[in-house]
Amino acid sequence: MSATLWTRFRPGKTENDEDDLDRGIDEKQAIQEVTPAADVGPGGLSFEEDTAGGLGRHLGVTSCTLQIVGHIIGTGIFSTPSSILSGVGSIGASLMLWVLGFILSFCGLFIWLEFGTMYPRSGGEKVYLEAVYSKPKYLATVVFAANAILLSFSAGGCIVFASNILVAAGSVPTNWSERGIALGVVVFATLLHGFTPRTGVYVMNLLSIFKIIILTFVVITGWVVLSGKTHIANPQANFTNAFAGSSHSGGDYATATFKVLYAYTGWSSVNYVLNNVRNPVRTLKIAGPLGLGICATLYILANVAYFSAATKEEIESSGVTVAALFFKNVFGTAAERALSVFVALSALGNVITRMFASARVNQELAKEGIPLPFGNRFWASNWPTGKAPLPGLIINLITSVIVILGPPMNVAYPFILDVQGYPIQIISLFVVIGLFWMRWKRPDIPRPFKVWWPLAVFYLVTTVFLLVAPFIPPANGVGDTPPLPYYLYCLVGIGVMFFGVGYCAVWRKLLPKAFGYELVPHKETFEDGTVVISYSRRKLL
């Protein structure tokens, strides 16, 4: 890659370039770091073509680390610990699951680091699946697109923000008041990233820093409580016989593990936006472990703090989140309302960060030429600013609005959130299998980072378990979304993947055969430099 071309990708420093950690890197080294293992993608876009356009490479180590933190820390750490404790029955087992989630997340991170440094392009799993499963052509891309477009909505965080901000304001939440505020949140995030992309990054970073400060405050408060210098009586009681009452049901541990891993979701966030990352290989290798390490440390210590300020019985019977109970016991009832503000802002930061990443994934899918309503050229563009993929954000906006307005909250909404997670595990399974396949078939590809294979095997076994475990009948026989069958969300998730298979077959095989034409690819370059594949139909003689 020439120095001229690199200049096109990496604009000169401006006062808006907030990251200092990767300044001073030798330019030749920076160029070498983004040399791809191979050009991948069914549409035939080269590395240079795929990474061109938009705002260019403007994210450094600091922003990428904070993006991971912002994506991981949502609302789970404030609410999930109490439900995990109820599920596994003991403080010790609960803490062990948080440590297990940390280990599993790092195993996954290391696998994604190997792929991300081999193929430093935006899109994440899209790119890795295309590199491994190149035949049938477009199958991996379309199957991944079915999940990414249909199920990557941000409704959950929007509704959590709405409910908590209403509580903080002293109002009684209703379905339509929550929905109205939730719609405002998703529209705000869309406009923020679509029209003011640099400001969007600043807001993401500030909210991520805010989350770190809040959890650090919880951790330090927990240490003070454990020291015995507060009014909390016997703060170490929960840790004396920590494993007393532990569940003996494998299903309970499987369900709790799902919840823990969901709380850790987001460690692969930077892999989705590598076209916007300066010195992507170096940055990814630093920001990934650093971001996940910060979150894991805060998560485990926050759990210790929660359990120091309330008894096991209080946590299980309180009917509120463990964080709310912690603030109430330590600081009084008024602090509970303050916590609602903290949780709302954390949810807002999570929504903004998730939409930033998902918009880039949607754009990468459209750039490959997948047929979408109104044509893929619009969805692949950086309209209207030439700097940010507003059309990709609109895809997320549409699905989020449908989920916010469509289903009744009490049953359908938790079910839809479960449906989101299952196909991700299926995709993860194929990514891990692909890692071993690439090690065997393409050992010659340069790997700036190489995961230790036992960690990959451990992650593979765990992924298989997480795909099978939801079909095991739960202890209560009905699951979390009665009257719907406990296994239904798994079947729906699998159905979404098969919908992608069918869509690809109809587009690539059945329609051309039925109407006697072939698909001819064309490359088009937009004004901002974005290169897009589009297809025309050529009649067969």
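Computed from a prediction, not measured in an experiment: that's the story for all the values here.

### Focus: helix α7 (residues 125-132)
In terms of residue burial, α7 counts as a mostly covered element, since eight of its eight residues are buried. Every buried residue of α7 is listed here: Glu125, Lys126, Val127, Tyr128, Leu129, Glu130, Ala131 and Val132.

### Considerations on the packing of helix α9 (residues 155-168) against helix α10 (residues 175-195)
In a packed pair of helices, the relevant descriptors are the angle between the two axes and the axis-to-axis distance. The geometry of α9 relative to α10 is characterised by a closest axis approach of 8 Å and an angle of 125° between their N-to-C directions. With respect to each other, α9 and α10 are oriented oblique. In terms of crossing hand, the pair formed by α9 and α10 is right-handed. On α10, the residues touching Cys158, Ile159, Phe161, Ala162, Ser163, Ile165 and Leu166 of α9 are Ser177, Glu178, Ile181, Ala182, Val185 and Val186.

### Thoughts on the side chain of Thr117
Its location among the elements puts Thr117 in helix α6 (residues 91-118). On the basis of relative accessibility, which here comes to 1%, the residue Thr117 falls in the buried class. At 2.7 Å, the side chain of Thr117 and the backbone oxygen of Leu113 are in polar contact. Side-chain polar atoms of Thr117 contact the backbone oxygen of Glu114, separated by 3.2 Å.

### A look at the nonpolar core
Where a protein is soluble and globular, its nonpolar side chains tend to be buried together. The biggest cluster of nonpolar side chains holds 147 residues, and the ones touching the most others in it are Ile111 and Tyr306. Here this core gets 15 residues from one element, more than from any other, and that element is helix α16 (residues 333-367). Excluding residues that lie within four positions of it along the chain, Ile111 makes contacts with Val431, Val432, Leu435, Val451, Ala456 and Tyr459.

### Considerations on helix α11 (residues 197-226)
With 30 residues, α11 ought to run about 44 Å at 1.5 Å a step, and its terminal C-alpha atoms sit 44 Å apart, in line with that. Phi turns positive, to about 85°, at Gly228, one or two residues after α11.

### What to know about the state of the cysteines
Each disulfide consists of a covalent bond between the sulfur atoms of two cysteine residues. Tallied over the entire structure, the rule returns zero disulfides. Between Cys295, a cysteine without a disulfide, and Cys64, which holds the nearest cysteine sulfur, the sulfur-to-sulfur distance is 14 Å. Taking the relative accessible area as the measure of exposure, Cys295 reaches 0% and is therefore buried.

### As for the packing of α16 against helix α18 (residues 390-405)
Where α16 contacts α18, the two axes come as close as 8 Å, and the packing angle between them is 110°. Put simply, α16 runs roughly perpendicular to α18. Viewed along their axes, α16 and α18 form a crossing whose handedness is right-handed. In this structure, α16 uses Met355, Ser358, Ala359 and Asn362 to contact α18, whose residues at the interface are Gly392, Leu393, Ile395 and Asn396. Residue classes in the contact of α16 with α18 are distributed as four nonpolar, four polar and no charged.

### Some points on the pairing of strand β2 (residues 531-539)
Inspection of the sheet shows strand β1 (residues 517-525) paired to β2 by nine bridges, in the antiparallel sense. Looking at β2, one finds that Glu524 is bridged to Val532. Hairpin remark: β1 followed by β2, antiparallel, with five residues in the connecting loop; positive phi at Gly529, about 100°.

### Examining the pattern of salt bridges
Evaluation of the coordinates by the stated rule reveals 11 salt bridges. Note that Asp50 and Lys367 form a salt bridge whose closest N and O atoms lie 3.6 Å from each other. One end of the pair, Asp50, is in helix α3 (residues 47-50); the other, Lys367, is in helix α16, with 317 residues separating them in the sequence. Pair check on accessibility: Asp50 and Lys367 agree, each one buried.

### Considering empty space enclosed by the protein
According to the stated counting rule, one finds three cavities of 30 Å³ or more in the structure shown. There is about 160 Å³ of room inside the largest cavity. Taken together, 19 residues form the lining of the largest cavity, with Gly53, Gly54, Asn275, Asn276 and Gln363 sitting closest to its centre. Of the residues that constitute the lining of the largest cavity, the class distribution is three nonpolar, 11 polar and five charged.

### Thoughts on unusual backbone geometry
For the bond from Lys135 to Pro136, the omega torsion is -5°, close enough to zero to count as cis. Tracing the backbone shows Pro136 in the loop between α7 and α8 (139-151). The omega torsion of the bond from Trp383 to Pro384 falls at -5°, within 30 degrees of zero and hence cis. Along the polypeptide, Pro384 turns up in the loop between α17 (376-379) and α18. Phi at Tyr138 is positive, roughly 75°, even though this residue is not glycine. Tracing the backbone shows Tyr138 in the loop between α7 and α8. One non-glycine residue, Phe374, adopts positive backbone phi at about 70°. In this fold, Phe374 is placed in the loop between α16 and α17. Judged by relative accessible area, Phe374 falls into the exposed class, the value being 77%.

### Focus: the confidence of the model for the chain
Considering every residue of the chain, the mean pLDDT works out to 88; 90% of them sit at 70 or more. Within the model, pLDDT remains below 50 along residues 1-35, and this stretch shows 69 contacts once partners closer than five positions in the same chain are excluded.

Rules used in this analysis
- In every chain, residue numbers begin from 1 and rise along the written sequence.
- Where local features are concerned, this predicted model is filtered to residues with pLDDT of at least 70; where side-chain atom pairs are given and counted, the filter is 80 or more; whole-chain, interface and lining totals use all residues.
- Computation of side-chain values covers all heavy atoms of the structure but excludes hydrogens and water.
- Relative accessible area decides the class of each residue, using a 1.4 Å probe on protein chains only: under 20% of the type maximum gives buried, over 50% gives exposed, and in between gives partly exposed.
- Where helices and strands are cited, they refer to DSSP runs of H or I of at least four residues and of E of at least two residues respectively, numbered from the N terminus.
- For helices, the fitted line uses only the C-alpha atoms of the stretch in contact; every axis is such a line through C-alpha atoms, and the angle between N-to-C directions lies from 0 to 180 degrees.
- For this classification, under 35 degrees means roughly parallel, over 145 means roughly antiparallel, 65 to 115 means roughly perpendicular, and everything else is oblique.
- For any pair of crossing helices, the crossing counts as left-handed if the nearer helix is rotated counterclockwise from the farther one by less than a right angle, and right-handed if it is rotated clockwise.
- By the convention used here, residues are in contact when the closest approach between their heavy atoms is within 4.5 Å.
- Two N or O atoms count as a polar contact when they lie within 3.5 Å, although within protein this holds only if one can serve as hydrogen donor and the other as acceptor, and sequence-adjacent residues are included solely when both atoms are side-chain atoms.
- Here, the term nonpolar core denotes a set of buried Ala, Val, Leu, Ile, Met, Phe, Trp, Tyr and Cys residues that are joined through side-chain atoms within 4.5 Å.
- What a helix is expected to span follows from its residue count: subtract one and scale by 1.5 Å.
- Pairs of cysteine sulfur atoms within 2.5 Å are identified as disulfides in what follows.
- Lys, Arg, Asp and Glu make up the charged group, whereas Ala, Val, Leu, Ile, Met, Phe, Trp, Tyr, Cys and Pro make up the nonpolar group; the residues left over, Gly among them, are polar.
- Strands are labelled as partners when DSSP assigns at least two bridges between them.
- The rule for a salt bridge is simple: a side-chain nitrogen of Lys or Arg has to be within 4 Å of a carboxyl oxygen of Asp or Glu.
- Of the two site types, the cavity is a set of points on a 1 Å grid over the protein atoms alone where a 1.4 Å probe fits but cannot get out, and the pocket is an open set with protein on both sides within 12 Å along at least five of seven lines, each lined by residues with an atom within 4 Å of a point.
- Grid points are joined across faces, edges and corners, and a volume is the space filled by probe spheres set on the points.
- pLDDT expresses how confident the predictor is about each individual residue, on a scale running from 0 to 100.

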